[in-house]
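These are the residues of each chain, in order.
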Amino acid sequence: MSRSSDFLRRLFSSWTTALGAVLLFIIVVAAIFGPIVYTVDPFEMLGRPAQLPSARFPLGTDVSGRDILAGILNGARVSLIVGLAASLGATLIGIVIGALSGYFGGLIDDTLMRITDFFLTVPNFVLLLVIVSVFTSTIEVITLAIAFVSWPSVARLVRSEFASHASREYVHACRGLGMSHMEIMGRQILPNVMAPIIVVSSLMVASAILTEAGLSFLGLSDPDIVSWGYMIGVGRTVLRSAWWMAAIPGVMIVLAVLAINLVGEGLNDALNPRMRQR
Amino acid sequence: MAFSIPPFLQFMFRRVLQIIPVVIAIAALNFLLLSLAPGDAADVISANNGGASAEEVQALRESLGLDRPMIVQFFSYMGGVLTLDLGQSYVRGMPVLDLVMSRVPATLLLMVTSLALAVLAGILLGILSSTRYGSLLDRVMSIISLLLYSTPHFWLALMMIVFFSVHLGLLPSGNIATIGGDFSFLGRVWDVFVHLILPAVTMAMFYIAVYMRLMRSSMLEVLDLDYITAARARGASEKKIAYSHAARNALLPVVTLAGVQIGHALGGSVLIETVFGWPGLGRLVYESLLERDTNTLMGILVVSSVLVIVVSLCIDLVCGLLDPRIVHK
């Protein structure tokens, strides 16, 4: 059996991972094609406010008579894009800092780890709110800010991996062959330690989605974009009379985050069979 | 005779000293953010008060010392923070430190209650799950914990309000006490307790899931060790092995993680406190966001970070009691 099919077999050997993958696939398809197929403008007031689901409005209307289904489909894009981009950003920062720290050790390690500890101490979400409120809340600022407060856990992990590889024989051999530090770190060590990094950064997509939802729930979302957290915030104002308005986007967040967590755990089991969680 | 400080006090002293560099770093970060931001406090104040002429804004800037060179402003801000002067809240017209400190007790009450609840429930459920490893109960609990782990707690909070306050009418949906309630001392304690239930339970839910998963895997690891086999060979009951032999050693990673997650919990309390109208630090964050009260926001960042260090110091002391080797490292 080829290596990749063996990997896929291991990945989907548990039904929870398969369930997560199916869920994730549906959400991704809905995010990509939903707004193309269902072309209703999520910002336009189309009918009476707070209608229950009907043929015309499959998920009903919100407090301003906007189509909730249109909001859900457009919100899926925002959640996935922000989640992916923020996690990617955090992973890149974490790899650079962790690699330098673990590979060189000494003073560089001490300095970088003090900075990492600092970011682990400061309440992340509060720091995030300060950053977003000081700048304008565009989707780019929000994504960068989430990446900026999320990298330390990646850096810690990458550091310990690089530190354990830095003194191994193959690294000594590379030095002997006259490779530069950059080459050794990027081309030799990094591919060897990629597995746990992939697991952590895939799980980070889930937490970034939760963080973005929290931000937009507080009203710190991009005013030009509908997101699930924003929709919950809107629904909150009529919670006592129309609770489903806040419930629907929340269920979507739970499903998306659950799907990513399930796939992330499956990746963990497939990539690190020895560290397999029982 | 050489005078030696007991290792326990040395350990405490080192940890308390750590507060200083963190405060300096936060102050520097705050200042950096402020100087990167478009507009300054003078712009914000005049905008909040319905606009002002260019001369008026300039006068305001001079009175706030914003026309001084950057480096002078930096050292004056730094000096202020280190002498516990966090500046004024321009919106509320009171010192930021007084404002922030007045909110700390409510947040501490919420945080300590929910984290204690989470650690306790998480540990018990984790032990239960690990002793029935692979059973239906174990699987159902794993799925529930993953679901809780994936739920945004501000949304869970709303749904709890819908169910327990609106639908069942059992518990109050917000605030820390009944407004205008006239109670005896015990009546007041009961009143606060009733108001505390929903926010504390909601906040605990997420962490119960985290600690349960960790306790379970930590227990499974410990249950494989030789001393457990030895205990079994001596004829100790499975219950005794799980709850007294294994649990004590399996506990350490859970308590350590609880310490690391204080900052995360404080951040999460912004959302929980906002939903439940709990008058703590988190709600103050939200109010300051709405009022564009940047000075207060930055002050909260300083105070909440110090709070994180102090609480995690307390948790380290607990770890020291659980495992005396930590103190001597």
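Residues numbered from 1 in each chain as written. Chains lettered and ligands numbered in written order. Predicted model: local features only at pLDDT ≥ 70, side-chain atom pairs only at ≥ 80, totals over all residues. Heavy atoms only, no water.

Helices and strands together make up the secondary structure of chain B, namely 15 helices and two strands. Each principal axis of the C-alpha atoms in chain B carries an extent, and together these give about 85 × 70 × 40 Å. Within chain B, buried positions represent 46% of all 329 residues. A fraction of 74% describes how many contacts in chain B between residues 6 or more apart in sequence connect residues 24 or more apart. (Helix = DSSP H or I, 4+ residues; strand = E, 2+ residues; numbered from the N terminus. Buried < 20%, exposed > 50% of the residue type's maximum accessible area, 1.4 Å probe, protein only. Contact = heavy atoms within 4.5 Å.)

This next bit is on the overall build of chain A. Counting secondary structure elements, chain A contains 11 helices and zero strands. Walking chain A from its N terminus toward its C terminus, one meets helices and strands in the order α-α-α-α-α-α-α-α-α-α-α. If you line up chain A on its principal axes, its C-alpha atoms span 75 × 50 × 30 Å. For chain A, buried positions account for 51% of its 278 residues. Residue pairs in contact within chain A that sit at least 24 positions apart in sequence constitute 69% of those at least 6 positions apart.

Relative to the 22 Å expected for 16 residues at 1.5 Å per residue, helix α4 (residues 106–121) of chain A spans 22 Å between its end C-alpha atoms, a close match to the ideal helical length. Of all the positions in α4(A), only A:D109, A:L112, A:M113, A:T116, A:F118, A:F119 and A:T121 are classed as buried. (Expected span 1.5 Å × (residues − 1).)

Here we take up the packing of aromatic side chains. By the definition in use, this model includes nine aromatic pairs over all chains. Arranged with centres 5.1 Å apart and planes meeting at 90 degrees, the rings of B:F163 and B:F164 form a pair that is edge-to-face. Relative accessible area serves as the criterion here: at 26%, B:F164 is assigned to the partly exposed category. Ring geometry for B:F206 against B:Y207: centres 5.0 Å apart, planes inclined by 90 degrees, an arrangement best described as edge-to-face. Grouping residues by exposure puts B:F206 and B:Y207 together as buried. One aromatic cluster is present, built from ring pairs that chain together A:F118, A:F119, A:F148 and A:W151. (Phe/Tyr/Trp six-rings, centres within 6.5 Å; stacked < 30°, edge-to-face > 60°.)

Our focus in this paragraph is the interface of chain B and chain A. At the interface, 48 residues of chain B touch 38 residues of chain A. Contact with chain A buries surface across chain B, with B:S150, B:F154 and B:W155 losing the most and accounting together for 14% of the total. Linking chain B with chain A are one salt bridge, by the criterion used here. Close ionic contact of A:E265 with B:R213 constitutes a salt bridge, the shortest N to O distance being 2.3 Å. Applying the counting rule to chain B against chain A returns five residue pairs in polar contact (both at pLDDT 80 or more). Put simply, the parts of the chain that give the side of chain B that touches chain A at least two residues each are α2 (19–36), α7 (136–149), α8 (153–167), α9 (185–222), α12 (262–276), α13 (281–290) and α14 (294–322) of chain B. Per-element accounting of the side of chain B that touches chain A gives the leading share, nine residues, to α14(B). (Buried area = accessible area lost by both parts, 1.4 Å probe. Salt bridge = Lys/Arg side-chain N within 4 Å of Asp/Glu carboxyl O. Polar contact = N/O pair within 3.5 Å; in protein donor to acceptor, adjacent residues only side chain to side chain.)

A few words now on the pattern of salt bridges. Applying the stated criterion across every chain yields a total of eight salt bridges over all chains. The partner of B:E287 in a salt bridge is B:R283, and the shortest N-O contact between them spans 3.4 Å. In this pair, B:E287 and B:R283 both sit in helix α13, four residues apart, roughly one turn of the helix. Members of the salt-bridge network, linked through shared partners, are A:R114, A:D117 and A:R156.

Residue and element names in this part refer to chain B. As far as domains go, chain B holds domain 1 (7–82) and domain 2 (103–328). Spacing between the C-alpha centres of domain 1 and domain 2 amounts to 33 Å. The partner domain 2 presents 16 residues to the 18 residues of domain 1 that form the contact. Across the contact surface, domain 1 and domain 2 share zero salt bridges. (Domains from an automatic or database assignment.)

Summarising burial for helix α5 (residues 124–134) of chain A: nine of the 11 residues are buried, a large majority. For α5(A), the set of buried residues is A:F125, A:V126, A:L127, A:L128, A:L129, A:V130, A:I131, A:V132 and A:V134.

Moving on, we come to the nonpolar core. Membership of the largest hydrophobic core comes to 162 residues, with the highest contact counts inside it found for A:L129, B:Y211 and B:M219. The two domains that each donate at least three residues to this core are domain 1 (7–82) and domain 2 (103–328) of chain B. Discounting chain neighbours no more than four positions away, the residues touching B:Y211 are B:L115, B:A118, B:V119, B:G122, B:V254, B:L257, B:A258 and B:Q261. (Core = buried A, V, L, I, M, F, W, Y, C linked by side-chain atoms within 4.5 Å.)

A cluster of nonpolar side chains, namely A:V22, A:F25, A:I26, A:V28, A:V29, A:I32, A:F33, A:I36 and A:V37, defines an oily patch on the protein surface of about 860 Å² accessible area. Looking at where A:I26 falls in the secondary structure, it is placed in helix α2 (residues 15–37). (Patch = residues over 30% accessible without salt bridge, like charges linked within 9 Å, V, L, I, M, F, W, Y side chains within 5 Å. Areas by Shrake-Rupley, 256 points an atom, 1.4 Å probe, with all protein chains shown as cover.)

Residues and elements named next belong to chain B. Two elements in contact, α8 and α12, have axes separated by 9 Å at closest approach and are oriented at 25 degrees. With respect to α12, the element α8 is oriented roughly parallel. Considering how the two elements wind past one another, α8 and α12 form a crossing that is right-handed. Each of H153, F154, A157, L158 and I161 in α8 lies in contact with α12, whose residues at this interface are G268, L271, I272, V275 and F276. (Axes fitted to C-alpha atoms, helices over the stretch in contact; angles between N-to-C directions. Parallel < 35°, antiparallel > 145°, perpendicular 65-115°, else oblique. Left-handed = near helix turned anticlockwise from the far one by under 90°.)

By the secondary structure assignment, B:V270 is in helix α12. Classification of B:V270 as buried rests on a relative accessible area of 1%. Between the alpha carbons of B:V270 and B:L34 there is a distance of 22 Å; along the sequence they are 236 residues apart. When sequence neighbours within four positions are dropped, the list of residues in contact with B:V270 reads A:F125, A:V126, A:L129, A:L218, B:G282 and B:V285.

This brings us to the environment of A:A206. All names here are of chain A. Its place among the elements puts A206 in helix α9 (residues 181–217). When its relative accessible area of 3% is taken as the criterion, A206 is described as buried. Each C-alpha atom of the pair A206 and V234 lies 23 Å from the other, and the pair is 28 residues apart in sequence. Apart from residues no more than four positions distant in its own chain, A206 is found in contact with V257, I260 and N261.

Turning to the confidence of the model for chain B, a few remarks are in order. For chain B, mean pLDDT is 79; residues scoring 70 or higher make up 92% of the total. For chain B, helix α15 (residues 325–328) of chain B is the element with the lowest average pLDDT, namely 58, and helix α6 (residues 96–131) of chain B is the one with the highest, namely 87. (pLDDT = per-residue confidence, 0-100.)

The next point concerns the environment of B:L297. Mapped onto the elements, B:L297 comes out in helix α14. In this structure, the C-alpha to C-alpha distance between B:L297 and B:T107, residues 190 residues apart in sequence, is 16 Å. Not counting chain neighbours up to four residues away, the residues in contact with B:L297 comprise A:V130, A:S133, B:V285, B:S288 and B:L289.

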